[in-house]
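Residue strings, one per chain:
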Amino acid sequence: MEIQHKTSTPMNQLDEKIISTERLVLYPLNVSHAEHMFHGLSDLGSYDFTPDLPYRDVAALAERYARLERRRSPDGREVWLNWVIESAATQQLVGYVQFTVKPFEQRALIAYFVFASHRKQGIANEAVGAALSEVVASFQLTRVDAEIDTRNTASITLIERLGFKRTRLVPHADEFKGAISDEYHYWLTVSGSASAGDNTGL
């Protein structure tokens, strides 16, 4: 089934921007992607280090995507940027990249997900790196944050490879699925801003 990548009138140049890399194409998320993303997001093991669970059905996922497709929080203080990741070779969707941007603070929080069957191929590194450059430049960010369960070694390796610096350990940050979750907090500071070491603990 062919994937329909719908577009709408953008409020920011990144709202509907398609990002291409050597192997991937990143399309702005829309409701029509729910059907094609559902299977890849249904792997229970992919949620070991988050309190989330797979969506119960395509309709529930589409409902979430309808909210995210607005690209803005109700109060207008956050910009929600989400891209689905498509393989340029197969036209299959293989994951997503997400940024929650706070323009007034020149900061963003990053998240990402690559389907289990497509991991260990460098997809996350390639997709996140490309989107990160676009978001930082567009919003003139001074800092990008990442919050990762200390048990999630694959995500820790990725974020450190991208230049993020560990700034904080948060013991017992959460508790879910019968286990305590400790978190590492990471910052990526952009040239011209204060170093992460100067700001640790904020």
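It should be noted that the structure appears before, not after, this text.
Definitions and limits used
- Residues numbered from 1 in each chain as written.
- Predicted model: local features only at pLDDT ≥ 70, side-chain atom pairs only at ≥ 80, totals over all residues.
- Heavy atoms only, no water.
- Helix = DSSP H or I, 4+ residues; strand = E, 2+ residues; numbered from the N terminus.
- Contact = heavy atoms within 4.5 Å.
- Salt bridge = Lys/Arg side-chain N within 4 Å of Asp/Glu carboxyl O.
- Buried < 20%, exposed > 50% of the residue type's maximum accessible area, 1.4 Å probe, protein only.

**Things to note about the environment of Val-31**
Its location among the elements puts Val-31 in the loop between β2 (24–28) and α1 (34–37). Along the backbone, Val-31 and Tyr-65 are 34 residues apart, and their C-alpha atoms lie at a distance of 5.1 Å. With near-sequence residues (within four places) excluded, Val-31 lies in contact with Ala-62, Tyr-65, Ala-66 and Glu-69.

**Let's talk about unusual backbone geometry**
Negative phi values dominate among residues other than glycine, just as trans dominates among peptide bonds. Even without a glycine there, the phi angle at Gln-91 is positive, about 60°. Considering the arrangement of structural elements, one finds Gln-91 in the loop between β3 (79–87) and β4 (93–102).

**Overview of the pattern of salt bridges**
The full count for this structure, using the stated rule, is 11 salt bridges. For Arg-107, the salt bridge goes to Asp-145, with nearest N and O atoms at 2.9 Å. Of the two residues, Arg-107 sits in strand β5 (residues 107–114) while Asp-145 sits in strand β6 (residues 143–149), which places them 38 residues apart along the sequence. Judged by relative accessible area, Arg-107 falls into the partly exposed class, the value being 27%. By relative accessible area, Asp-145 is classed as buried at 8%.

Just distances and angles here, no functional claims.
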